[in-house]
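The primary structure of each chain is shown beneath.
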Amino acid sequence: MGLTNNKWQDGFPETERYKIVKAAKITLSKPEGKIALDYLINERKFSEEVIDRFDMGYCPSDVNHEVRGRIVTPIYSTYGELVALSTRHLDKDLYQRFL
């Protein structure tokens, strides 16, 4: 489940959304993102090409936002606008794994 309502878009400007996606993509290739990359490749069976094509990433834990520490998959409109972020926490015991 993603955050997809206009209230979210209004409270989280498009430039900030793109910053989160960019940081998440960069983090996925760093030591902090290794566990997330391993999960995407080994458990979810995504290829690196698919991960890159869909801009999947791992939001760094030092980001001051509710998606920190989560796998991030951006959702774009048909016009290319970033309209939502689908996220997943890697902790299976966490009550709210998806945002």
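1. Some points on the side chain of Arg 88
- In this structure, Arg 88 sits in strand β3 (residues 82–89).
- The side chain of Arg 88 is buried and forms no salt bridge, while Glu 43, the nearest opposite charge, is found at 6.9 Å.
- Within the structure, Arg 88 has its side chain in polar contact with the side chain of Tyr 39 (distance 2.9 Å).

2. Concerning the nonpolar core
- Core analysis: the biggest nonpolar cluster contains 10 residues, these being Phe 12, Ile 20, Val 21, Ala 24, Cys 59, Val 63, Val 67, Val 72, Leu 82 and Leu 85.
- For this core, the elements supplying multiple residues, two or more each, are α2 (14–28) and β3.
- Ranked by the residues each element gives to this core, the list is headed by α2, at three residues.
- Leave out the neighbours within four places in its chain, and Ile 20 touches Phe 12, Cys 59, Val 63, His 65, Val 67 and Leu 85.

3. Some words on the sheet that holds β3
- Pairing within the open sheet is antiparallel, and its three strands lie in the order β1-β2-β3. Bordering the open sheet on either side are β1 (57–58) and β3, each of which pairs with just one other strand.
- Here β1 pairs with strand β2 (residues 70–76) via two bridges, running antiparallel. Its bridge partner lying in β2, Gly 57 is registered against Val 72.

4. Regarding α2
- Here α2 spans 21 Å end to end across 15 residues, near enough to the 21 Å set by a 1.5 Å rise per residue.
- Buried within α2 we find Arg 17, Ile 20, Val 21, Ala 24, Thr 27 and Leu 28. Mapping the buried residues of α2 onto a view down its axis gives an arc of 130°, with all of them on the same face. Those residues of α2 that are exposed and aimed more than 90 degrees away from the buried face are Thr 15, Lys 19 and Lys 22.

5. Examining the pattern of salt bridges
- Per the stated rule, a full pass over the model turns up four salt bridges.
- Linking Lys 25 and Asp 55 is a salt bridge whose minimum nitrogen-to-oxygen distance equals 3.0 Å. Taken together, the positions of Lys 25 in helix α2 and Asp 55 in the loop between α4 (48–53) and β1 put the pair 30 residues apart, joining distant regions of the chain.
- Residue class for Lys 25 comes out partly exposed when judged on its relative accessible area of 30%.
- By relative accessible area, which is 18% here, Asp 55 ends up buried.

How each quantity is defined
- Residues numbered from 1 in each chain as written.
- Predicted model: local features only at pLDDT ≥ 70, side-chain atom pairs only at ≥ 80, totals over all residues.
- Heavy atoms only, no water.
- Helix = DSSP H or I, 4+ residues; strand = E, 2+ residues; numbered from the N terminus.
- Buried < 20%, exposed > 50% of the residue type's maximum accessible area, 1.4 Å probe, protein only.
- Lys, Arg positive; Asp, Glu negative; His and termini not counted.
- Salt bridge = Lys/Arg side-chain N within 4 Å of Asp/Glu carboxyl O.
- Polar contact = N/O pair within 3.5 Å; in protein donor to acceptor, adjacent residues only side chain to side chain.
- Core = buried A, V, L, I, M, F, W, Y, C linked by side-chain atoms within 4.5 Å.
- Contact = heavy atoms within 4.5 Å.
- Pairing = 2+ DSSP bridges.
- Expected span 1.5 Å × (residues − 1).
- Arc of directions from axis to C-beta.

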